[in-house]
Amino acid sequence: MLLTVDLTSGLPIYLQVRDRIVDAIADGTLREGSRLPTTRDLAADLGVNFHTINKAYDLLRQEGLLRLTRQVGAVVQRDPDSGPPAPGFADGWDERLHTMLAEAVAQGMPRQEIVSRCQTILAALAESRSGHQQKRGTSRG
């Protein structure tokens with residue numbers, strides 16, 4: 001998995017790392033059981049402090065996407081085919097979605113453009129997942 005961050009971005013690095021890993025899970029690049037690099041290895045690759053990566057991994061653990069163990073390290077705990085989200089997930093997600101949509105509305109983005117962009121992103125994720133599943137020889141989707 002190739003992961004990049006923008007060191008000049010206003011978004012904290014740990015959130016960028018978290019977001020890229022979520023993207024990789026959503027698009028099928030990372031599947032349930034996939035091992036991630038150690039915090040020290042990934043930090044060295046990105047040129048950041050290992051505590052930054054640790055914070056990203058811990059956030060993903062709290063969100064139920066990673067399992068962290070001393071023996072194995074960081075492992076993807078679920079993928080989109082694992083079934084429904086954990087109880088309570090949708091409540092927190094609704095809050096974040098509300099903020100994202102409010103930003104678009106506040107900036108004057110038309111409703112149809114907002115909906116169209118959401119549909120485009122969902123279609124791209126589904127297409128990417130389908131491509132990854134075909135490479136693995138599975139038909140789940």
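Thresholds applied
Residues numbered from 1 in each chain as written. Predicted model: local features only at pLDDT ≥ 70, side-chain atom pairs only at ≥ 80, totals over all residues. Heavy atoms only, no water. Helix = DSSP H or I, 4+ residues; strand = E, 2+ residues; numbered from the N terminus. Buried < 20%, exposed > 50% of the residue type's maximum accessible area, 1.4 Å probe, protein only. Contact = heavy atoms within 4.5 Å. Core = buried A, V, L, I, M, F, W, Y, C linked by side-chain atoms within 4.5 Å. Salt bridge = Lys/Arg side-chain N within 4 Å of Asp/Glu carboxyl O.

Draft legend 1. Up close: the side chain of T39. Here T39 lies in helix α2 (residues 39–46). T39 sits in the buried class, given a relative accessible area of 18%. The residues contacting T39, other than those within four sequence positions of it, are F50, I53, N54 and Y57.

Draft legend 2. Main features of the side chain of R31. For R31, the location among the structural elements is in the loop between α1 (13–26) and α2. On the basis of relative accessible area, R31 is assigned to the buried category, the value being 10%.

Draft legend 3. Just the nonpolar core, in detail. Of all hydrophobic cores here, the largest spans 19 residues; its most connected members are V17, I21, I53 and Y57. Listed by contribution, the elements that provide at least two residues to this core are α1, α2, α3 (50–62) and β2 (73–76). Once residues within four sequence positions are removed from consideration, V17 is found in contact with L3, V5, L42, L46, I53 and A56.

Draft legend 4. Local environment of the pattern of salt bridges. With the rule as written, the count across this model stands at 8 salt bridges. The shortest N-O distance in the salt bridge between D58 and R61 comes to 2.8 Å. Here D58 pairs with R61, and both are found in helix α3, just 3 residues apart, close to one helical turn. With its nearest N and O atoms 2.9 Å apart, the salt bridge here joins E113 to R117. Here E113 pairs with R117, and both are found in helix α5 (residues 111–136), just 4 residues apart, close to one helical turn. The class of R117 is partly exposed, set by a relative accessible area of 46%.

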